[in-house]
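# Examination of the molecular architecture
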Amino acid sequence: MRLILIGPPGAGKGTQCQRLAGMLQVPHLSTGEMLRVAVREGTPAGRQAAAYMEQGRLVPDALIVGMVNQRLQAPDCREGCLLDGFPRTLSQAATLDELLERQAMSLDGVIELAVPRDELVRRMLARKREDDDPEIFSRRIVSFEEQTAPLLDYYSRQGKLASIDGLGSADEIFARVRLAVERFRMRSRRR
Ligand code: AMP
């Protein structure tokens, strides 16, 4: 299965992706994590990305698209993958469509983890990660609302979107994720 998880910063995508990747036995592709590794290793892409990431801004597509393309072509992605953090803009979504088409791959579904803004702020204050400076965190939320939220409409029009309530315990949320995946599976079989 090939799935995308979309949600604002602090929605719990990482936790749900880990569980889902385990259940489906497909790799979890997190562009945020790939970038953090590149920054730590001091690669040219990492050095360029660092300034954007520190400010809570999206890094330029040129840095991301090549990375994702390469990863999608790896043998472990042949049976599927879980995309987390990509695509984040309509332009990246169009690029992803092209990349998948070129490799005769299709997308089974997109899961939105919906969490209200005040809950995101409450969680951020409770967990305090190094990139969780309140000002930068709000910038990441605004970036989500302005640049990433339009993707929900894009995938909804394709009949691929399942929106899930992201409030509750990780177990409760995962039960909803599993239901959505089951529905995608049935739909893909009928095609
Ligand atoms: P994340 O862990 O997904 O929240 O990503 C951390 C940071 O990496 C983001 O705030 C962006 O600066 C950058 N990033 C991750 N994925 C993308 C993407 N698809 N496009 C642009 N920037 C990204």
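Because the structure is predicted, anything quoted here is derived from the model rather than measured. (Residues numbered from 1 in each chain as written. Predicted model: local features only at pLDDT ≥ 70, side-chain atom pairs only at ≥ 80, totals over all residues. Heavy atoms only, no water.)

## Quick notes on a positive patch on the surface
Residues R183, R187, R190 and R191 make up a contiguous surface patch of positive charge. On the basis of relative accessibility, which here comes to 67%, the residue R190 falls in the exposed class. (Patch = residues over 30% accessible without salt bridge, like charges linked within 9 Å, V, L, I, M, F, W, Y side chains within 5 Å. Areas by Shrake-Rupley, 256 points an atom, 1.4 Å probe, with all protein chains shown as cover. Salt bridge = Lys/Arg side-chain N within 4 Å of Asp/Glu carboxyl O. Lys, Arg positive; Asp, Glu negative; His and termini not counted. Charge placed at Lys NZ, Arg CZ, Asp CG, Glu CD. Buried < 20%, exposed > 50% of the residue type's maximum accessible area, 1.4 Å probe, protein only.)

## With respect to unusual backbone geometry
Here the residue pair F86 and P87 is connected by a cis peptide bond, since its omega of -5° sits within 30 degrees of zero. Although it is not a glycine, Q25 sits at a positive phi angle of roughly 55°. Looking at where Q25 falls in the secondary structure, it is placed in the loop between α1 (13-24) and β2 (28-30). The exposure class assigned to Q25 is exposed, which follows from its relative accessible area of 68%. Here the phi dihedral of A104 falls at roughly 55°; this positive angle occurs in a residue that is not glycine. (Helix = DSSP H or I, 4+ residues; strand = E, 2+ residues; numbered from the N terminus.)

## Considerations on the packing of aromatic side chains
Going through the model one piece at a time under the given rule, you end up with 1 aromatic pair. A ring pair is formed by Y154 and Y155, whose centres lie 5.0 Å apart and whose planes are at 80°; its orientation type is edge-to-face. The partly exposed category is assigned to Y154, whose relative accessible area is 22%. (Phe/Tyr/Trp six-rings, centres within 6.5 Å; stacked < 30°, edge-to-face > 60°.)

## Some details on the sheet that holds strand β4 (residues 109-114)
Strand order in this open sheet of 5 strands is β2-β3-β1-β4-β5, and the pairing throughout is parallel. Either end of the sheet is taken by a strand with one partner, and the two such strands are β2 and β5 (161-165). Each strand of the sheet is rotated relative to its neighbour by a mean of 20°, with strand direction disregarded. In terms of strand pairing, strand β1 (residues 2-6) meets β4 through 4 bridges, oriented parallel. Each residue of the ladder has a partner; that of I4, found in β4, is V110. Its contacts with the sheet put α1 on β1, β2, β3 (81-84) and β4, and the angle it makes with β1 is roughly 165°. Along the sheet, helix α2 (residues 31-41) makes contact with β2 and β3, crossing β2 at roughly 65°. (Pairing = 2+ DSSP bridges. Axes fitted to C-alpha atoms, helices over the stretch in contact; angles between N-to-C directions. Contact = heavy atoms within 4.5 Å.)

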